[in-house]
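The primary structure of each chain is shown beneath.
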Amino acid sequence: MNYYMEIIKSNPQMLTALHVAVYVVLAPLAGGLLAGLDRKISARLQGRVGPPVVQPFYDVFKLMKKETLRVNRYQNFYIFLFLVFMIFTGSLIFTGADMLLMIFALTLSGIFLVLAAFSVDSPFSHTGAEREIIQMMSCDPMLILVPVGMYLVTGSFRVSEIAMFERPLIMFLPGVFTGYVFILTMKFRKSPFDLSMAHHAAHQEIVKGLTTEFSGKALAAIEVAHWYENVLLLAIVYLFFARIPVLAAAMVLFVFLLEIFIDNINARFRWELAFSSTWIFTLVTGGANIIILYYAYSI
Amino acid sequence: MSSLKKSPWIIHYDATSCNGCDIEVIACLTPMYDVERFGIVNTGNPKHADIFLITGSVNERNSRVVRNIYEQMPDPKVVVAVGICATSGCVFRDCYNVLGGVDKVIPVDVYVPGCAARPESIIDGIVRSLTVLEEKYRAQKKNKKNRNGRSGVITDG
């Protein structure tokens, strides 16, 4: 065992490969458990018993057993690319690679999901895809401000260097962090219930939005990709506190619980409000934070 | 118990019901009954559903819709007829436009009688249908194996 550890330690490529392997295996486990925790806590907040914490795994295993219907040749290929690029994006952050590349890969992955939804004929799917684009327009400015802010503080876009910075980034970026937490509700596909494929079971305004025409293994892939995405988004929360790992882990859990809480007290939050509020919020919190930092560093 | 039984997703369609049974179906989702504790989710999308929950006596106009929803559901799938109207047509069975029961249009696996069917009996009907779902999955798997063995053709899905 020690012999293998030595080989891995002496070989940086192998260490990276090991990181990726650990991420690929553990991220869906963590993501699925978080999704289950979310359903359980939401149910308790609504005065219900709620499903078991491992329910998301039952759902995905069931979907694997179901028939995969398709209406054209390409739809499931796009979903495959969505999953692959989501895993790629997560691998970038967990191997300490470039933050900007990660944001672009995440956007590319999102675009494949939109393409998949547009490739079918269902009007519900198209509406879902349009709202997914609205969501991306709302959230992505803030998502881009995160690496910009981190760069201003640490002088690097590399996750490995950002994580090793001598002080917790939250001390310099409280506004960026607040803005990021604000968009996280949408990025987790939680709050505006009518966005593109929100989880809320009783709301069926656009049937199942983006996922309307996907079934069986394709739907399972969408669900697993969503778990990867959640883990990745929480990893960015971790980066704000990375200097103090215990605090960072606690904050990740706290932010996740906060999002569940926000979602449950904003049951009628609609996409129009999401769209009009995010840019203002991004500008006021994230933008102001960056401007202050810029001048503070230039003096 | 397999994952099929632990994650039943439902599509609910009202085929000329008086809404009595539909209100009871929705009541199952409330904190009082909370079917989500069995993993039951009301999807509203036939392509995501495992169980087709149908209320009402089915008439000439909506039989097409009922058949369409059924055909859009991926295998394995089961049908639960909720309420006495969906079971037999009840007092409406002699109406000129009424077909009299869901089983005149699509195969039904579980009948839940009652006017209106109580939430307890609806939940019981769904739980019973899960055994049928599991059986259908086994039969499908066996069938596929036999077919592949004979002809060597690999089928999609």
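Residues numbered from 1 in each chain as written. Chains lettered and ligands numbered in written order. Predicted model: local features only at pLDDT ≥ 70, side-chain atom pairs only at ≥ 80, totals over all residues. Heavy atoms only, no water.

Overview of the overall build of chain A
In step 1: In terms of helices and strands, chain A carries eleven helices and zero strands.
In step 2: Overall, chain A shows an N-to-C arrangement of helices and strands of α-α-α-α-α-α-α-α-α-α-α.
In step 3: Over its C-alpha trace chain A gives a radius of gyration of 20 Å, about what one expects of a compact globule, namely 19 Å for 299 residues.
In step 4: Dimensions of chain A, computed from C-alpha atoms along their principal axes, come out at roughly 55 × 55 × 40 Å.
In step 5: For chain A, the proportion of its 299 residues judged to be buried stands at 53%.
In step 6: For chain A, restricting intrachain contacts to residue pairs at least 6 apart in sequence, the fraction spanning at least 24 positions comes to 74%. (Helix = DSSP H or I, 4+ residues; strand = E, 2+ residues; numbered from the N terminus. Rg over C-alpha atoms; globule rule 2.2 N^0.38 Å. Buried < 20%, exposed > 50% of the residue type's maximum accessible area, 1.4 Å probe, protein only. Contact = heavy atoms within 4.5 Å.)

With respect to a nonpolar patch on the surface
Residue and element names in this part refer to chain A.
In step 1: Together, Leu-15, Leu-18, Val-22, Val-25, Leu-26 and Leu-29 make up a nonpolar patch on the protein surface, roughly 490 Å² of accessible area in all.
In step 2: The topology assignment puts Val-25 in helix H2 (residues 12-45).
In step 3: Using a relative accessible area of 53% as the deciding quantity, one classes Val-25 as exposed. (Patch = residues over 30% accessible without salt bridge, like charges linked within 9 Å, V, L, I, M, F, W, Y side chains within 5 Å. Areas by Shrake-Rupley, 256 points an atom, 1.4 Å probe, with all protein chains shown as cover. Salt bridge = Lys/Arg side-chain N within 4 Å of Asp/Glu carboxyl O.)

Considerations on the side chain of Lys-62 of chain A
In step 1: Relative to the assigned elements, Lys-62 of chain A resides in helix H3 (residues 55-65).
In step 2: A relative accessible area of 0% means that Lys-62 of chain A is categorised as buried.
In step 3: Those residues in contact with Lys-62 of chain A, other than ones at most four positions away along the chain, are Ser-3, Leu-4, Ser-7, Trp-9, His-48 and Asp-50 of chain B.

Regarding the side chain of Glu-24 of chain B
In step 1: You can see Glu-24 of chain B is positioned in helix H2 (residues 20-27).
In step 2: Sequence-distant contacts of Glu-24 of chain B, that is, excluding residues within four places in its chain, are made with Ala-116, Ala-117, Arg-118, Pro-119 and Ile-122 of chain B.

Examining the confidence of the model for chain B
Residue and element names in this part refer to chain B.
In step 1: In this model, chain B carries an average pLDDT of 85, and 92% of its residues clear a pLDDT of 70 or more.
In step 2: In the model of chain B, helix H5 (residues 119-151) stands out as the element of lowest mean pLDDT, 81, in contrast to strand E4 (residues 78-82), which has the highest, 93.
In step 3: Overall fold confidence (pTM) sits at 0.87, and the ipTM for the predicted complex is 0.85. (pLDDT = per-residue confidence, 0-100.)

Re helix H11 (residues 271-298) of chain A
Residues and elements named next belong to chain A.
In step 1: The first and last C-alpha atoms of H11 sit 39 Å apart over 28 residues, in line with the 40 Å expected at 1.5 Å per residue.
In step 2: Along its length, H11 reaches its greatest deviation from straightness, about 30 degrees, at Leu-283.
In step 3: Turning to H11, its buried residues number three or more, namely Trp-271, Ala-274, Ser-277, Thr-278, Thr-282, Thr-285, Gly-286, Gly-287, Asn-289, Ile-290 and Leu-293.
In step 4: Residues of H11 that are buried sit in contact with helix H6 (123-154) and helix H8 (174-187). (Expected span 1.5 Å × (residues − 1). Bend = angle between axes of the 7 residues up to and from the residue.)

Focus on the packing of H6 of chain A against H8 of chain A
All names here are of chain A.
In step 1: Running from amino to carboxyl end, H6 crosses H8 at an angle of 150 degrees, the nearest separation of the two axes being 9 Å. Between H6 and H8 lies a crossing of left-handed hand. Between H6, through Gln-135, Cys-139, Asp-140, Met-142, Leu-143, Leu-145 and Val-146, and H8, the contact on the second element is made entirely by Val-176, Gly-179, Tyr-180, Ile-183, Met-186 and Lys-187.
In step 2: Taken together, the residues of the contact of H6 with H8 sort by class into nine nonpolar, two polar and two charged. (Axes fitted to C-alpha atoms, helices over the stretch in contact; angles between N-to-C directions. Left-handed = near helix turned anticlockwise from the far one by under 90°. Nonpolar A, V, L, I, M, F, W, Y, C, P; charged D, E, K, R; others polar.)

Some words on the sheet that holds strand E3 (residues 51-55) of chain B
Residues and elements named next belong to chain B.
In step 1: The sheet built from five strands is open, its strands ordered E2-E1-E3-E4-E5 with parallel pairing. At either margin of the open sheet sits one strand with a lone partner, and together these are strand E2 (41-42) and strand E5 (110-112).
In step 2: Both E3 and E4 contribute to a ladder of five bridges, which runs parallel. Each residue of the ladder has a partner; that of Phe-52, found in E4, is Val-79. (Pairing = 2+ DSSP bridges.)

Quick notes on the packing of aromatic side chains
In step 1: The final tally for this structure, using the stated rule, is 13 aromatic pairs over all chains.
In step 2: Pairing Phe-177 of chain A with Phe-241 of chain A gives two aromatic rings, centres 5.3 Å apart and planes at 90 degrees, and the pair type is edge-to-face. With Phe-177 of chain A in helix H8 and Phe-241 of chain A in the loop between helix H9 (216-240) and helix H10 (245-265), this pair connects stretches of sequence that are 64 residues apart. The residues Phe-177 of chain A and Phe-241 of chain A share a single accessibility class, namely buried.
In step 3: Put simply, the rings of Phe-177, Tyr-180, Phe-240 and Phe-241 of chain A touch in pairs and so form one group of aromatic residues.
In step 4: Sitting over the ring of Trp-9 of chain B, Lys-62 of chain A keeps its end group 3.8 Å from the ring centre. (Phe/Tyr/Trp six-rings, centres within 6.5 Å; stacked < 30°, edge-to-face > 60°. Lys NZ or Arg CZ within 6 Å of the ring centre and 35° of its normal.)

Digging into the interface of chain B and chain A
In step 1: Contacts between the two partners involve 30 residues from chain B and, on the opposite side, 32 residues from chain A.
In step 2: Buried area between chain B and chain A, summed over both chains or domains, comes out near 2,700 Å², and the portion from carbon and sulfur atoms is 51%.
In step 3: Counting the surface chain B buries against chain A, the share from its top three residues, Glu-36, Lys-47 and His-48 of chain B, is 22%.
In step 4: For Asp-50 of chain B, the salt bridge is made with Lys-62 of chain A, and the minimal N-O distance between the two is 2.8 Å.
In step 5: Linking chain B with chain A are 20 residue pairs in polar contact (both at pLDDT 80 or more).
In step 6: For the side of chain B that touches chain A, the secondary-structure elements that each account for two or more residues are helix H1 (3-6) and E2 of chain B.
In step 7: Broken down by element, the side of chain B that touches chain A gets its largest block of residues, three residues, from H1 of chain B.
In step 8: Residue composition of the side of chain B that touches chain A, grouped by class: ten nonpolar, twelve polar and eight charged. (Buried area = accessible area lost by both parts, 1.4 Å probe. Polar contact = N/O pair within 3.5 Å; in protein donor to acceptor, adjacent residues only side chain to side chain.)

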